[in-house]
Amino acid sequence: MRSTDDAELYRDSWGVPHLRAGDHLGLARAQGRVTALDRAWQIEVERHRAQGSSAAFLGPEAVAWDRFARQARLDDTARRCHDALDPQTAAWVRAYVEGVNDGLAEGAARDERFARTGHGRTGSGCTAWEPWVPLSIWIATHILFAGFATKLWRERVARALGDDAATLFATDGPGTAGSNGWLVPGDRTATGAAIIAGDPHRFIEDPGVYQQIRLACPEYDVLGLAVPGVPGLAHFGHTGSAAWAITNAMADYQDLYVEQLRPAADGEGAEALGPDGTWEPVHRHTETITVAGADPVTVEVLETARGPVITSDAAAHSPTAQQTLSLRYPPRVRRDLGFAALPALLRARTVTDIDRALDGWAEPVNVVHAADTEGGLLHRVAGAVPQRDPANRLRPVPAWEARYAWQGWAATPAEPVRGFAVMANARGIASPLGVEFAPPHRANRIRELLSGSANWSPAAMADVHRDTHLASAEPLLALLPGLEGLSPDAERLRERLLAWDRHMEADSTDATVFSAFRTATVRRFAADPVFAGLADAPTAPEVFHPWLYLVPRVGYALEGLLTTSLLPGLDRAAHVRAALEETAAAHTSDTPWSQVHRLAPWSALPDPDAEWPGLGGDHDCVNATSSVPGFTDLTARASAARYVWDLARREDSLWAVPLGADGVAGSPHHRDQLPLWARCALVPVVTDWARLTKESA
């Protein structure tokens, strides 16, 4: 790494960058530069996805996302948020961008994907980043976190099954981003100091979505997990005397408004019916998406006073038709992401410092755990949630009715830490701010495991991370004893499933059989005539399709569908009996779970020859390697990182990522952590500079 001011780059044996600089701006430049060196392809893909220009080198498959990014005005929102930054934060972000621009050409030269796609082929290589690109990447990364697309699904369900059924499929499960997190106070640890541990659950990507890094200057020395392309350590960090971690709060803070549009009176543009009964001007322009190997695509960009229009179809009376919907989301309304919190977190010495920094956080809305070496503990929600009519949280609402307008911002709850503090996307501290939450199984299981000892150490936390108990299996298995008239093979399968220990262990053949039985049940439920109105392919834009297909929705909501009174015509026992017979006849009894439950990460440029490991766990396990019940046993979503922050001795902390520290395929540290991660092992954090290797300037 060439000198950036007086910055120095060291690496540990896993290739994790440790940066040291003379001041915080020099350090931000160094972070940007090393990120460009290690992750040039990744951050360029993310930059162009945020700008809606990735199809220019990724081809037609990227058009759907690029269209959404442009229609939702993600990059324009980032620019507005950047323009509103305070001068100090703006200078810090600008320093990071300068570092990225300094290292981008060198980083691109390391990665053959640039040449293969022709990206950055002209001039000096990739075009320079604009100062707001880190904010743009942040928005694009989190725009779907709050699951506003679920409102499209609820609307579809209500039209097909009635308004009372709108939340029939209520479960966020693995359909959106979630996490585990737990805080063990000092009276339950071997050292007398707190331990914070957990893992964010996200779609696994190659390169990985989190970057292990250390940032040191005279003001602070912090290690943690960064989002490549974004300065600082927003989600997970340890300053030596204080540490923090987050999970998705599952808050609802994005709204969809049904818009009535008409041509403007002057024949130019359009108008939308506003809440006061008057017709308001609509911003309108067109943009062109360049597509590698195909014709350009023209996109109409519309924005009402509520927000950007993301779907448009005049035939809204049909149960399967789109409506004309605008998206209202806090960063565009407030011109604020809360980025001033990021440098403040790096300077934090106490829980009070962390708490104060997070008072200014905005996007996304998180549940936070924090602790310090003085015994301070924190459990709070941070982020911007609008106050509005409860109906806004459920489904699209009429833009022309004033009752659905936003009315200020909700207070973010906090709770004292009594015993263990656990966050796993279930109902709890953030309940007043959301609608759908994850089932309580992961949170309950973590509490149960933590209660088994009063002498916790960082190393012992790996046992919590790797737990594979699947509590959500119980409602389905509970129906088995009542089935009658089974064949001999189905009788034997029933006995086997009832004797199963409910653990989705990698080497378990019972886990494989259960998953096959669950899959058969889900598919039979989905094929029942009661759901006929939901079986058609979605008509909404392609980017929302993962929220709108019936089979995955049934799979994630199976527990509730097995017990709900809203579907009196659904013959559950008949479907379960038929699924058991089908599974018994399939003869899959000797296949280990890890043979079918294999990692299938997303990559902007997939490698068809890549081999990925088999895994234990499942979507409701603490080891949350999410299959899609009824659709596939493969897992695309799992722990995007694991961490254990020790407040007694930071050097005893542990971490791991799914792949490795380097984003360049074939490099020594691209996938060197993968075998450890697959078995939930953790890598020691290194804090002694003498144990690191300095790279030449």
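Residues numbered from 1 in each chain as written. Predicted model: local features only at pLDDT ≥ 70, side-chain atom pairs only at ≥ 80, totals over all residues. Heavy atoms only, no water.

A. Spotlight on the overall build of the protein. Broken down by element type, the protein carries 21 helices and 25 strands. Taken over C-alpha atoms, the radius of gyration comes to 25 Å for the protein, in line with the 26 Å a tight globule of 697 residues would show. Across its three principal directions, the C-alpha atoms of the protein cover 80 × 75 × 50 Å. Considering the protein as a whole, with its 697 residues, one finds that 62% of them fall into the buried category. Across the protein, every contact between residues at least 6 apart in sequence was considered, and the portion connecting residues at least 24 apart equals 70%. Positive and negative side-chain charges of the protein, numbering 65 and 87 respectively, have mean locations separated by a distance of 1 Å. (Helix = DSSP H or I, 4+ residues; strand = E, 2+ residues; numbered from the N terminus. Rg over C-alpha atoms; globule rule 2.2 N^0.38 Å. Buried < 20%, exposed > 50% of the residue type's maximum accessible area, 1.4 Å probe, protein only. Contact = heavy atoms within 4.5 Å. Lys, Arg positive; Asp, Glu negative; His and termini not counted. Charge placed at Lys NZ, Arg CZ, Asp CG, Glu CD.)

B. Region of interest: the environment of Gly-617. Among the secondary structure elements, Gly-617 is positioned in the loop between helix H20 (593-596) and strand S20 (626-628). Residue class for Gly-617 comes out buried when judged on its relative accessible area of 0%. Once residues lying within four places of it in the same chain are set aside, the contact partners of Gly-617 are Thr-468, Met-504, Trp-593, His-597, Asn-623 and Thr-625.

C. Representation of unusual backbone geometry. In the segment running from Asp-206 into Pro-207, the intervening peptide bond is cis, with an omega of 0 degrees. For Pro-207, the position within the fold is in the loop between strand S4 (195-203) and strand S5 (211-217). Residues other than glycine seldom take positive phi values, yet Met-250 does so here, at roughly 60 degrees. With respect to the helices and strands, Met-250 occurs in the loop between strand S8 (242-248) and strand S9 (255-258). Of the residues examined, Met-250 reaches a relative accessible area of 8% and is grouped as buried. Unusually for a residue other than glycine, Asn-425 sits at a positive phi of about 70 degrees. Here Asn-425 shows up in the loop between strand S19 (421-423) and helix H12 (441-450). Asn-425 gets classed as buried once you look at its relative accessible area, which sits at 5%.

D. Examining the pattern of salt bridges more closely. As enumerated under the stated definition, the model contains 51 salt bridges in all. In this structure, Asp-163 and Arg-395 form a salt bridge, with 3.1 Å as the shortest nitrogen-oxygen distance. Taken as a pair, Asp-163 in the loop between helix H8 (149-161) and strand S3 (178-184) and Arg-395 in the loop between strand S17 (377-382) and strand S18 (397-398) lie far apart in primary sequence, 232 residues in all. Take Asp-163: its relative accessible area is 53%, and that puts it in the exposed class. The residue Arg-388 makes a salt bridge to Asp-252 at a minimum N-O spacing of 2.4 Å. Linking Arg-388 in the loop between S17 and S18 with Asp-252 in the loop between S8 and S9, this pair joins segments that are 136 residues apart in sequence. Both residues of the pair, Arg-388 and Asp-252, count as buried. (Salt bridge = Lys/Arg side-chain N within 4 Å of Asp/Glu carboxyl O.)

E. Expanded view of the environment of Arg-388. Since its relative accessible area comes to 12%, Arg-388 is described here as buried. Residues Arg-388 and Leu-615, spaced 227 residues apart in sequence, show a C-alpha to C-alpha distance of 43 Å. Beyond its immediate stretch of four places on either side in the chain, Arg-388 contacts Lys-151, Asp-252, Tyr-253, Gln-254, Asp-255, Arg-393, Ala-405 and Trp-406. Separated by 3.2 Å, the side chain of Arg-388 and the backbone oxygen of Pro-386 make a polar contact. (Polar contact = N/O pair within 3.5 Å; in protein donor to acceptor, adjacent residues only side chain to side chain.)

F. Focus on H12. His-441, Arg-442, Ala-443, Arg-445, Ile-446 and Leu-450 are the residues of H12 that are buried. Buried residues along H12 sit against S3, S4, S19, helix H13 (461-465) and helix H18 (558-563).

G. Summary view of the packing of helix H15 (residues 488-499) against helix H16 (residues 509-526). Axis separation between H15 and H16 bottoms out at 10 Å; the angle between their running directions is 115 degrees. Read as a crossing pair, H15 and H16 show a hand that is left-handed. Only Thr-509, Asp-510, Val-513, Phe-514 and Phe-517 of H16 make contact with H15, whose side of the interface consists of Leu-493, Arg-496 and Leu-497. Of the residues contributing to the contact of H15 with H16, the split by class is 5 nonpolar, 1 polar and 2 charged. (Axes fitted to C-alpha atoms, helices over the stretch in contact; angles between N-to-C directions. Left-handed = near helix turned anticlockwise from the far one by under 90°. Nonpolar A, V, L, I, M, F, W, Y, C, P; charged D, E, K, R; others polar.)

H. Representation of the confidence of the model for the protein. On average, residues of the protein score 93 in pLDDT, and 96% of them reach the 70 mark or higher. Long-range and interchain partners of residues 314-321, a stretch whose pLDDT sits below 50, account for 12 contacts in this model, where long-range means more than four residues apart. (pLDDT = per-residue confidence, 0-100.)

I. Quick look at the packing of helix H1 (residues 24-51) against helix H7 (residues 133-142). Packing of H1 against H7 leaves a shortest axis separation of 8 Å and a crossing angle of 75 degrees. Comparing their axes, H7 and H1 come out roughly perpendicular. Residues Ile-43, Glu-46, Arg-47, Ala-50 and Gln-51 of H1 form the contact with H7, whose participating residues are Val-133, Ser-136, Ile-137, Ala-140 and Thr-141. Residue classes in the contact of H1 with H7 are distributed as 5 nonpolar, 3 polar and 2 charged. (Parallel < 35°, antiparallel > 145°, perpendicular 65-115°, else oblique.)

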